[in-house]
Amino acid sequence: VELLIDVFTSLKSLDFDLKIVGPENDHALELMDKVKQLKDSRIQFLGAVRGADKQHLYRNAHAFIAPSYSEVVGMVNLEAAMMATPVITTHQTGLLSDWNKNGGKLIDPNFKQLEAAILECSNWTKSERDSKGQRLREFVIQEYSWKVNRPKWEALYNSMK
């Protein structure tokens, strides 16, 4: 999230807000202090958001951005995609490389690639954004749903008997 803040604040011409969601903890407080020092009023901390409010945020975001240095599979990325929101995230989130071909964007977690992805995203029309989001939703259903993956897990467990 710190990388995202650094990149976002460097892009002064962007006419977007950055909404950061998550529970308040020591790290969040450090990030809030950083943003306060940067004096960028486009950045908002919303705290923990759940249920219908969370779905509303996903659906109404131009894009969901979650850079990470390591994760097994970033569930927030799948949640956002299921709301038909394009997702920019990092290769280190364990998502399939075809994410890039299906409306999403996988990058390395560095300033230059995140900056390029945000700038590209900022130029999408509403129609492009909606098309990418819908394609990504369909990809997640095809590749990550229980309907698809349950038989794979069952076969794996059965092979260990």
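What you see is a predicted model; the values in this text were computed from it and never measured. (Residues numbered from 1 in each chain as written. Predicted model: local features only at pLDDT ≥ 70, side-chain atom pairs only at ≥ 80, totals over all residues. Heavy atoms only, no water.)

Secondary structure summary: the protein chain contains 7 helices and 5 strands in total. Taking the principal axes of the C-alpha coordinates as reference, the protein chain spans close to 60 × 40 × 30 Å. When contacts within the protein chain are restricted to residue pairs at least 6 apart in sequence, long-range pairs at least 24 apart make up 59% of them. In the form shown here, the protein chain has an accessible surface area of approximately 9900 Å², with 53% of it arising from carbon and sulfur atoms. The protein chain carries 21 positive and 21 negative side-chain charges, and their two centres are separated by 5 Å. (Helix = DSSP H or I, 4+ residues; strand = E, 2+ residues; numbered from the N terminus. Contact = heavy atoms within 4.5 Å. Areas by Shrake-Rupley, 256 points an atom, 1.4 Å probe, with all protein chains shown as cover. Lys, Arg positive; Asp, Glu negative; His and termini not counted. Charge placed at Lys NZ, Arg CZ, Asp CG, Glu CD.)

Another point: the pattern of salt bridges. Tallied over the full model, the rule gives 9 salt bridges. Of the charged contacts, one joins D40 and R42 as a salt bridge, the two residues approaching to 2.7 Å between their closest N and O atoms. Each member of the pair D40 and R42 is classed as buried. Of the charged contacts in the structure, one is a salt bridge between R129 and D130, with a shortest N-O distance of 3.2 Å. On the basis of relative accessibility, which here comes to 9%, the residue R129 falls in the buried class. Looking at D130, the relative accessible area reads 31%, which means it is partly exposed. Connected via shared salt-bridge partners are E2, D6 and K34. (Salt bridge = Lys/Arg side-chain N within 4 Å of Asp/Glu carboxyl O. Buried < 20%, exposed > 50% of the residue type's maximum accessible area, 1.4 Å probe, protein only.)

What follows concerns the side chain of R42. Here R42 is to be found in the loop between helix 2 (26-38) and strand 2 (43-47). Polar side-chain contacts of R42 include one of 3.0 Å to the backbone oxygen of L11. Apart from the residues lying within four places of it in its own chain, the contact partners of R42 are F8, T9, L11, K12, L14, F16, D17 and L18. (Polar contact = N/O pair within 3.5 Å; in protein donor to acceptor, adjacent residues only side chain to side chain.)

It is at 5 Å that the axes of helix 6 (residues 126-144) and helix 7 (residues 146-159) come closest, and there the two elements cross at 20°. As the angle between them shows, helix 6 and helix 7 are arranged roughly parallel. Across the interface between the two elements, I141, Q142, E143 and Y144 of helix 6 pack against W146, V148 and N149 of helix 7. Of the residues belonging to the contact of helix 6 with helix 7, the class tally is 4 nonpolar, 2 polar and 1 charged. (Axes fitted to C-alpha atoms, helices over the stretch in contact; angles between N-to-C directions. Parallel < 35°, antiparallel > 145°, perpendicular 65-115°, else oblique. Nonpolar A, V, L, I, M, F, W, Y, C, P; charged D, E, K, R; others polar.)

Limitation: the analysis is restricted to geometry and does not speak to function.
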